[in-house]
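Structural description and commentary
Chain by chain, the residues run as shown.
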Amino acid sequence: MFWRIVGIVSLVGGAIVFYILGTTSLPSPPQISPPKSLEFTIYLLSTSWLISSAGVKIGLIFNKPWMKLSIFSCICFIFLLINMGLMQAALVRETPVPEPQPNSLYPYNLVAWWFVSWFWIDLLVIITSWMKKRWQSK
């Protein structure tokens, strides 16, 4: 029952974040051109992470903790963070980073909260599934 509640709450929270991000106008970034391969990699990893992590949450609702999908989701998330760091490093070399305004950080904080919360849920699914298998084998 606990995992069903976690699955439902996290999917609803993700939908709310998607809605807020879809209706919030973001500040216009300076004209920069990141490497196309890095941009494609981030797009591919973020789409893979979103689909696999949403699949994990749906699995929780149906009481099927998909451990392999959770592992894939966590791997996508870790590589997404690495590639976003590479993108940030490339952008800092091109243009100086302006001082952000407090109100402009809201959407980015929301996305960070959503990404991290879903990552931790996926990680907990892996840990609990592993512990359950370990205890059943004894």
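Higher on the page you've got the structure.
Summarised in this report is the structure supplied together with it. Computed from a predicted model, the values in this text were never measured in an experiment.

1. Regarding the packing of helix H1 (residues 2-23) against helix H2 (residues 36-61)
Running from N to C, H1 and H2 point in directions that differ by 140°, and their axes come no closer than 7 Å. As the angle between them shows, H1 and H2 are arranged oblique. When the axes of H1 and H2 are compared, the crossing they make is left-handed. Packed against H1, whose contacting residues are Trp 3, Arg 4, Val 6, Gly 7, Ile 8, Ser 10, Leu 11 and Phe 18, the element H2 presents Leu 50, Ala 54, Lys 57, Ile 58, Leu 60 and Ile 61 at the interface.

2. Here we look at the packing of aromatic side chains
One pass over the structure, following the stated rule, counts 10 aromatic pairs. Ring geometry for Phe 2 versus Trp 3: centroids 5.3 Å apart, planes at 65°, classification edge-to-face. For Phe 2, a relative accessible area of 56% puts it in the exposed group. The exposure class of Trp 3 is partly exposed, given its relative accessible area of 24%. Ring plane angle 20° and centroid distance 4.7 Å describe the contact between Phe 77 and Phe 119, whose orientation is recorded as stacked. Residue Phe 77 is located in helix H3 (residues 67-94), and its partner Phe 119 is located in helix H4 (residues 106-137); the two are separated by 42 residues in the primary sequence. Given a relative accessible area of 5%, Phe 77 falls into the buried group. Members of the aromatic cluster, each reached through a chain of ring pairs, are Trp 49, Phe 77, Trp 114, Phe 115, Trp 118, Phe 119 and Trp 120.

What counts as what
- Residues numbered from 1 in each chain as written.
- Predicted model: local features only at pLDDT ≥ 70, side-chain atom pairs only at ≥ 80, totals over all residues.
- Heavy atoms only, no water.
- Axes fitted to C-alpha atoms, helices over the stretch in contact; angles between N-to-C directions.
- Helix = DSSP H or I, 4+ residues; strand = E, 2+ residues; numbered from the N terminus.
- Parallel < 35°, antiparallel > 145°, perpendicular 65-115°, else oblique.
- Left-handed = near helix turned anticlockwise from the far one by under 90°.
- Contact = heavy atoms within 4.5 Å.
- Phe/Tyr/Trp six-rings, centres within 6.5 Å; stacked < 30°, edge-to-face > 60°.
- Buried < 20%, exposed > 50% of the residue type's maximum accessible area, 1.4 Å probe, protein only.

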